[in-house]
Amino acid sequence: MEATIANEVLEVEEEEQLPSTFNEAAQFMESLNKVIAHQDDVVSAAEQIDKLIALVEPYQQQPNLLDPYLKAMVETLIGTLREHIQNCNFTPSSQPKKFIFQHQLFRLLYHLAKIRGYKIVMNLF
């Protein structure tokens, strides 16, 4: 009997911890825009991308909460990546920072697709 009550209490506590909205949307977009604006600082960009990934990771159980903001996130990422790739008149040895920056953006895009699902994210391209 006590074990059943303890399990019910744990289930209620877990339900209370689940977010109901993506409260960090403004912070996410602000940080993403900072990363894009300061793309020459590769170390800072990698740290910021790690923070952005940490912001969205808790939404793996409820990925639909990202939907109202996902289009803006993906469009910003894809637009920046397209711009970089189109202006790709450099060699890896001469401009490694550009490739590292692109890698970081692709890493963030991968995590968004992992959380929300690649089919949903692909429809936003």
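Look up a bit, the structure's there.
Residues numbered from 1 in each chain as written. Predicted model: local features only at pLDDT ≥ 70, side-chain atom pairs only at ≥ 80, totals over all residues. Heavy atoms only, no water.

A. Region of interest: the pattern of salt bridges. Overall, the coordinates contain five salt bridges when judged by the stated rule. For D50, the salt bridge goes to R107, with nearest N and O atoms at 2.6 Å. Here D50 is found in helix 3 (residues 42-56), whereas its partner R107 is found in helix 5 (residues 96-116), with 57 residues between them in sequence. Across the pair K114 and E57 runs a salt bridge, and its minimum N-O distance is 3.7 Å. Highlighted residues: K114 in helix 5 and E57 in the loop between helix 3 and helix 4 (67-86), separated in sequence by 57 residues. By relative accessible area, which is 25% here, E57 ends up partly exposed. (Salt bridge = Lys/Arg side-chain N within 4 Å of Asp/Glu carboxyl O. Helix = DSSP H or I, 4+ residues; strand = E, 2+ residues; numbered from the N terminus. Buried < 20%, exposed > 50% of the residue type's maximum accessible area, 1.4 Å probe, protein only.)

B. Representation of the nonpolar core. In this structure, F22, F28 and L108 are the most contacted members of the largest nonpolar core, which totals 28 residues. Mapped by element, the contributors of at least two residues to this core are helix 2 (25-37), helix 3, helix 4 and helix 5. (Core = buried A, V, L, I, M, F, W, Y, C linked by side-chain atoms within 4.5 Å.)

C. Representation of the environment of F99 within the structure. Looking at the element boundaries, F99 is found in helix 5. Exposure remark for F99: the relative accessible area of 29% places this residue in the partly exposed category. Taking the C-alpha atoms as reference points, F99 and H84, separated by 15 residues in sequence, lie 9.1 Å from one another.

D. Main features of the packing of helix 2 against helix 3. Interaxial distance between helix 2 and helix 3 falls to 10 Å at its minimum, and their mutual angle equals 160°. By the criterion of interaxial angle, the relationship of helix 2 to helix 3 is roughly antiparallel. Here helix 2 runs over helix 3; the crossing is left-handed. Seen from helix 2, the contacting residues are Q27, F28, S31, L32 and V35; seen from helix 3, they are A45, Q48, I49, L52, L55 and V56. Its residues placed into classes, the contact of helix 2 with helix 3 shows eight nonpolar, three polar and no charged. (Axes fitted to C-alpha atoms, helices over the stretch in contact; angles between N-to-C directions. Parallel < 35°, antiparallel > 145°, perpendicular 65-115°, else oblique. Left-handed = near helix turned anticlockwise from the far one by under 90°. Contact = heavy atoms within 4.5 Å. Nonpolar A, V, L, I, M, F, W, Y, C, P; charged D, E, K, R; others polar.)

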